[in-house]
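Reading the structure
Spelled out from the first residue to the last, the chains are:
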Amino acid sequence: MKKIFIPILSLIICTTILWKWTFGFNDFTIFSYTLTKAGKTPREFPTIQLVNQQGNVFNIKDKHKYILMNFVYLNCPNVCHKVNNQLEKLYHLIDTNIAPSQLEFVTVSFDIKNDNIEKIEKYRHYFGENIDGWTFALPYQIKEQAFLQYLQNIGIWAYKMPESNIINHAIYLLLISPDNKIIKTFDPARESNADIIEQLTQCLQEK
Amino acid sequence: MFYLLSFFWNDWLSITMPRHQLIQLPAMLLLGILLAYCFSTLAIQDMYWGIAILIFIMASFIFWMLPHSIDVAVINKHFNRVMHINMLLSGFLLILVFRKIFFEVKILFLGMITAMLLASGITLSVFNMLLCSSFSIEQQKQTGLYLIFIAIALFIFTAITFFSYLRNRSK
């Protein structure tokens, strides 16, 4: 009995540790782990003050609309711009009855040290003129460390690489409801625009 | 050596993914193996304990190959040290088990390690998505490529060992 029990016990202990560490063999990267750790949707979206490209301070919950939020930084070598290009296409594909009247896009930069209002305003122009429902913003009066902690709380992992200005981060899109809850997350690297639009429309119809 | 690898050179070894995964981790394992050779009389006598320990070693390898573990090890120094001690212990225990366990089990274990390294290497080299936030995608691909080479080398070693054993037995 002992001869079988000991290897099986070792297998159970090791499997349990790996199972716990990956949230049931689902999350193998720190990006997906942080998202799952933040909690199941719908979950409360913690309040944060942002400042938009015109310098106006605002709060997501005061918009009383659905918000599709993503996080970028302007010195990003490529992935942020790819995601924003995808968002630009998405914005123009969405029914004009939905965006911007019911749904707005908010792109937040998390590079507090290097990005400023002028830069985000200039950056916004790269995505054309007809994007009234797409706000570019910066966190308002918050320290870098506190903001990184805030990001983790909402499920977005960001890590500033030492000795460079590179910030490796999750590219998830968060859908926030008018009652200030994160109701859905999207992974633009895995989901097509058509899939995202379908799910967005479904969420808006369910309200 | 442990002090040098775990403390003195740790920052340098943690800067890039190939250094972290292909130098620091195997070096710790090798140190454990060398340490076991200093205790030539020590061995795990019972087969069931041997298998239980091999499961632990295998799980340790899998754990430290996970992108999430790699990230936390780079960011958190305490967690990094746990990795070093775990690898040292794995190397040490591996030799103690291998001294007495059946040859077939050794081959099976080496085969599984080879398969794991190959799978990890292929995953890291073909994924165009960043898996570890502490490193760059170029480093990820480079690490993947070297892991494939290591897996091939280990496969050749396992095959030679296996067929040499068969030849000796038939004699």
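Rules used in this analysis
Residues numbered from 1 in each chain as written. Chains lettered and ligands numbered in written order. Predicted model: local features only at pLDDT ≥ 70, side-chain atom pairs only at ≥ 80, totals over all residues. Heavy atoms only, no water. Contact = heavy atoms within 4.5 Å. Buried area = accessible area lost by both parts, 1.4 Å probe. Salt bridge = Lys/Arg side-chain N within 4 Å of Asp/Glu carboxyl O. Polar contact = N/O pair within 3.5 Å; in protein donor to acceptor, adjacent residues only side chain to side chain. Helix = DSSP H or I, 4+ residues; strand = E, 2+ residues; numbered from the N terminus. Nonpolar A, V, L, I, M, F, W, Y, C, P; charged D, E, K, R; others polar. Domains from an automatic or database assignment. pLDDT = per-residue confidence, 0-100. Patch = residues over 30% accessible without salt bridge, like charges linked within 9 Å, V, L, I, M, F, W, Y side chains within 5 Å. Areas by Shrake-Rupley, 256 points an atom, 1.4 Å probe, with all protein chains shown as cover. Buried < 20%, exposed > 50% of the residue type's maximum accessible area, 1.4 Å probe, protein only. Pairing = 2+ DSSP bridges. Axes fitted to C-alpha atoms, helices over the stretch in contact; angles between N-to-C directions.

With that settled, the discussion passes to the interface of chain A and chain B. The parts lose accessible area when they come together, and the size of an interface is often stated as this lost area. Of the residues lining the interface, 23 residues belong to chain A; the matching set on chain B comes to 27 residues. Interface area for chain A against chain B, summed over the two sides, is near 2,200 Å², with a carbon-plus-sulfur share of 78%. The interface formed by chain A and chain B contains zero salt bridges. At the surface where chain A touches chain B, the tally comes to six residue pairs in polar contact (both at pLDDT 80 or more). Only helix H1 (2-21) and helix H2 (30-37) of chain A provide two or more residues apiece to the side of chain A that touches chain B. The leading source of residues in the side of chain A that touches chain B is H1 of chain A, at ten residues. Taken together, the residues that form the side of chain A that touches chain B break down as 15 nonpolar, four polar and four charged.

A few words on the domain arrangement of chain A. Assigned domains within chain A: domain 1 (1-26) and domain 2 (38-205). Computed over C-alpha atoms, the centres of domain 1 of chain A and domain 2 of chain A are 40 Å apart.

As a further point, take the confidence of the model for chain B. Residues and elements named next belong to chain B. Looking at chain B, pLDDT values average 91 and 100% of them are 70 or higher. Model confidence for chain B, summarised as mean pLDDT per element, is weakest for helix H1 (residues 2-8) at 74 and strongest for helix H4 (residues 47-65) at 95. Per the prediction output, this complex has pTM 0.88; the corresponding ipTM is 0.89.

Our focus in this paragraph is the environment of Ala189 of chain A. Within the secondary structure, Ala189 of chain A sits in the loop between strand E10 (181-186) and helix H6 (193-205). Spatially, the C-alpha atom of Ala189 of chain A lies 31 Å from that of Gly55 of chain A, the residues being 134 residues apart in sequence. Sequence-distant contacts of Ala189 of chain A, defined by excluding residues within four places in its chain, comprise Ile171 of chain A together with Met129 of chain B.

Residues and elements named next belong to chain B. Together, Leu118, Ile122, Val126, Phe127, Leu145, Tyr146, Phe149, Ile152, Phe155, Ile156 and Ile160 give the surface a local cluster of nonpolar side chains, amounting to about 1,000 Å² of exposed area. Listed by contribution, the elements that provide at least two residues to the nonpolar patch are helix H7 (103-126) and helix H8 (137-170). It is H8 that contributes the most residues to the nonpolar patch, seven residues altogether. A relative accessible area of 39% means that Tyr146 is categorised as partly exposed.

It is worth spelling out the sheet that holds strand E9 (residues 173-176) of chain A at this point. Residues and elements named next belong to chain A. As summarised here, the arrangement of the eight strands in space is E1-E10-E9-E4-E5-E6-E2-E3, forming an open sheet in which the pairing is mixed. Edge strands, defined here as strands with exactly one partner in the open sheet, are strand E1 (43-44) and strand E3 (57-59). Alignment of strand E4 (residues 66-72) against E9, held across three bridges, turns out to be antiparallel. Bridging across to E9, Met69 finds its partner in Leu174. Sitting on the sheet, helix H4 (residues 117-125) touches strand E2 (49-52) and strand E6 (134-139), and the angle it makes with E6 is about 160°.

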